[in-house]
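# Fold and geometry: a report
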Amino acid sequence: RQHNCKIIQRVLGVSRPQYWFSQLVFDLVVYFIFGAAVLVVVYALPARTLFVDPDAILGLSLVILASGPAVIQLSYIFEGLFKSDFLCFGSLFASRAFVGIVFLEVGVSLTVLESRGHGAAAAANDILRWVLPLLPEYCVARTFYDIVDSNFKGTQLSLRENQGQALLFFVFFSVANSVLYSAIFWLIE
């Protein structure tokens with residue numbers, strides 16, 4: 001908006017769908033570079049010993065990569081609420097970080113309480129188990145948590161076996177979120 005890129009592209013004859021598609025391709029390239037950098041950082045730190053299981057690595061990579069389009073499309077949907085791109089970025093970054101952390105804590109706490117036999121926590125977790133993954137940030141954060149938690153418990157995660165069901169669940173939701181939020185954006189646009 002500050003640089004009038006949309007106006008310039010319209011004057012040059014670029015349609016709105018072409019503009020948004022080119023913007024999406026650029027943003028996806030930047031996101032995938034950032035996602036790859038996150039994985040490199042995770043494996044460069046001493047904590048890399050927590051991320052050695054091949055299925056856990058694959059699950060985490062798929063969730064990070066599949067969440068990108070959902071995060072980007074949600075940003076496009078909310079972009080119109082802000083007067084500047086910087087304010088939009090700052091507000092969405094802060095709110096996503098806050099929401100991701102809070103809901104991760106809620107989801108993990110309910111899972112722990114449910115494992116200790118609390119019926120009310122189990123009932124709440126049954127509902128939230130299907131609602132919270134609609135947030136792309138939650139899928140990524142919960143996958144990180146599940147991988148670290150499985151290492152502390154000594155369990156091995158798998159995308160194919162019953163224990164790996166949680167990883168496959170979040171991979172599925174990450175892909176579904178990208179399709180859902182992309183469809184919502186393109187319907188609005």
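The structure this text deals with has already been given above.
Only a predicted model underlies this, so the values are computations on that prediction, with no experimental measurement involved.

This part is about the overall build of the chain. In terms of helices and strands, the chain carries seven helices and zero strands. Walking the chain from its N terminus toward its C terminus, one meets helices and strands in the order α-α-α-α-α-α-α. The 189 residues of the chain split such that 38% are buried. Long-range pairs, those at least 24 residues apart, make up 73% of the contacts in the chain with a sequence separation of at least 6. Carbon and sulfur atoms provide 72% of the accessible area of the chain, an area that totals close to 11200 Å².

Time to look at the packing of helix α3 (residues 54-79) against helix α4 (residues 85-115). For any two helices packed against each other, one specifies the inter-axial angle together with the distance between the axes. Packing of α3 against α4 leaves a shortest axis separation of 11 Å and a crossing angle of 125°. The angle between α3 and α4 falls in the class oblique. For the pair α3 and α4, the sense of crossing is right-handed. In this structure, α3 contributes V71, L74, S75, F78 and E79 to the contact, and α4 contributes D85, C88, L92 and R96. Residue classes in the contact of α3 with α4 are distributed as five nonpolar, one polar and three charged.

Turning next to the packing of aromatic side chains. One pass over the structure, following the stated rule, counts twelve aromatic pairs. With centroids separated by 6.0 Å and ring planes inclined at 70°, the aromatic side chains of Y138 and F170 adopt a geometry described as edge-to-face. Here the residue Y138 occupies a position in helix α6 (residues 136-153), and F170 occupies one in helix α7 (residues 165-188), the gap between them amounting to 32 residues. Accessibility classification places Y138 together with F170 in one group, the buried group. Taken together, a centroid distance of 5.8 Å and an interplanar angle of 80° make the contact between F172 and F173 edge-to-face. Residue F172 is classed as exposed on the basis of its relative accessible area of 52%. Put simply, the rings of W130, Y138, F169, F170, F172 and F173 pair up and form one aromatic cluster.

A few words now on the pattern of salt bridges. Going through the model one piece at a time under the given rule, you end up with one salt bridge. Of the charged contacts in the structure, one is a salt bridge between R142 and D146, with a shortest N-O distance of 3.1 Å. Residue R142 and its partner D146 are located together in helix α6, separated by four residues, close to a single helical turn.

Here V112 shows up in helix α4. As a C-alpha pair, V112 and A122 span ten residues in sequence and 9.6 Å in three-dimensional space.

Here is what the cut-offs are and how they apply
- Residues numbered from 1 in each chain as written.
- Predicted model: local features only at pLDDT ≥ 70, side-chain atom pairs only at ≥ 80, totals over all residues.
- Heavy atoms only, no water.
- Helix = DSSP H or I, 4+ residues; strand = E, 2+ residues; numbered from the N terminus.
- Buried < 20%, exposed > 50% of the residue type's maximum accessible area, 1.4 Å probe, protein only.
- Contact = heavy atoms within 4.5 Å.
- Areas by Shrake-Rupley, 256 points an atom, 1.4 Å probe, with all protein chains shown as cover.
- Axes fitted to C-alpha atoms, helices over the stretch in contact; angles between N-to-C directions.
- Parallel < 35°, antiparallel > 145°, perpendicular 65-115°, else oblique.
- Left-handed = near helix turned anticlockwise from the far one by under 90°.
- Nonpolar A, V, L, I, M, F, W, Y, C, P; charged D, E, K, R; others polar.
- Phe/Tyr/Trp six-rings, centres within 6.5 Å; stacked < 30°, edge-to-face > 60°.
- Salt bridge = Lys/Arg side-chain N within 4 Å of Asp/Glu carboxyl O.

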